[in-house]
Amino acid sequence: MPRNKRLGERARKLRHELTEPEMRLWRHLSNKQLGGYKFRHQTRFDPYVADFFCPQKALIIEVDGETHTPEVDACRDALLAARGFTTIRFTNDEVMTNMDGVLIAILDTLEKLPDRWDRSCSGPDYRPLPNPSPEGEGL
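Presented here is a report on the structure given in the accompanying data block. Because the structure is predicted, anything quoted here is derived from the model rather than measured. Per chain, residues are indexed from 1 in the order of the written sequence. Since the coordinates come from a predicted model, pLDDT governs what is reported: local features require at least 70, and pairs of side-chain atoms require 80 or more to be given and counted, while whole-chain, interface and lining totals use all residues. With hydrogens and water stripped out, all remaining heavy atoms of the structure feed into the side-chain values.

Regarding the pairing of strand β2 (residues 48–54)
And then number 1: We call a residue buried when its accessible area falls under 20% of the maximum for its residue type, exposed when it is over 50%, and partly exposed in between, using a 1.4 Å probe and counting protein chains only. Strands here mean DSSP runs of E at least two residues long; helices mean DSSP runs of H or I at least four residues long; both are numbered from the N terminus. Among the seven residues of β2, six are classified as buried, and the element is accordingly described as predominantly covered.
And then number 2: By definition, two strands form a pair when at least two bridges between them are found by DSSP. Pairing between strand β1 (residues 40–45) and β2: five bridges, direction antiparallel. Residue pairing in the sheet places Thr-43 in a bridge with Ala-50 of β2.
And then number 3: Here β1 folds back onto β2, and the loop between the two strands holds two residues.
And then number 4: Bridge count for β2 against strand β3 (residues 59–64) is three bridges, and the pairing is antiparallel.

Next comes the structure, spelled out in structure tokens:
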């Protein structure tokens, strides 16, 4: 099975099997509840799947459980940064015990990052930056 197809299937599976910390955070991020920003969950960034993604700000939010290792996460974050994405990480414990602090940190980061496109533009020539492709092309 091609790698990208497997990654897509994995992302779909993860969307339906959120961990408890991910579900709790998603309740605050979905439907533009945090500062009016749109988020997606379990978004593909070949060869990875990000927990949460704000396309307007190119911000990736990861909720890390016990299986994460700092060295692997640092390599992943560096690859995504080279593609123009910012990653912030929270532990499961932070999400479960300090949701207000997590939300404040996310909103603070969002407000500091530039938009990926100029929202004041309009008309037939206006084109926002494309979403990241599953194949990693154009990133």
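Back to the write-up after that little detour.
Observations regarding the pattern of salt bridges
And then number 1: The salt bridge definition used is simple: a Lys or Arg side-chain nitrogen within 4 Å of an Asp or Glu carboxyl oxygen. Within the structure shown, the criterion is met by seven salt bridges.
And then number 2: Of the charged contacts in the structure, one is a salt bridge between Arg-76 and Glu-62, with a shortest N-O distance of 3.0 Å. In this pair, Arg-76 sits in helix α3 (residues 70–82) while Glu-62 sits in strand β3, placing the two residues 14 residues apart along the sequence. When sorted by exposure, Arg-76 lands in the same class as Glu-62, which is buried.
And then number 3: Taking the shortest distance from any N to any O, the salt bridge between Asp-64 and Arg-89 comes out at 2.8 Å. A residue pair is termed long-range when its members are at least 10 positions apart, and Asp-64 in strand β3 and Arg-89 in strand β4 (residues 86–91) qualify at 25 residues.

Some details on the sheet that holds β2
And then number 1: As summarised here, the arrangement of the four strands in space is β1-β2-β3-β4, forming an open sheet in which the pairing is mixed. Two strands close off the open sheet at either side, each with one partner strand: β1 and β4. If you compare each strand with its neighbour and ignore which way they point, the axes differ by 45° on average.
And then number 2: By the convention used here, residues are in contact when the closest approach between their heavy atoms is within 4.5 Å. Structural elements are reduced to axes, namely lines fitted to C-alpha atoms, with helices fitted over the stretch in contact, and the angle between N-to-C directions of any two is expressed from 0 to 180 degrees. Here α3 sits on the sheet in contact with β1, β2, β3 and β4, set at roughly 150° to β4.

A few points about the packing of aromatic side chains
And then number 1: Pairing of aromatic rings covers Phe, Tyr and Trp, the last counted by its six-membered ring, and requires centre-to-centre distances within 6.5 Å; plane angles under 30 degrees mean stacked, over 60 mean edge-to-face, and any other angle means tilted. Taken as a whole, this structure holds four aromatic pairs when the rule is applied.
And then number 2: Ring geometry for Phe-45 versus Phe-85: centroids 4.9 Å apart, planes at 70°, classification edge-to-face. Separated by 40 residues along the polypeptide, Phe-45 in strand β1 and Phe-85 in the loop between α3 and β4 bring together distant segments of the chain. For the pair Phe-45 and Phe-85, a shared accessibility class is recorded, and that class is buried.
And then number 3: Exposure remark for Phe-85: the relative accessible area of 5% places this residue in the buried category.
And then number 4: Through pairs of rings, three or more aromatic residues link up here, namely Phe-45, Phe-53 and Phe-85.

Shape is all these values report; function is a separate question.
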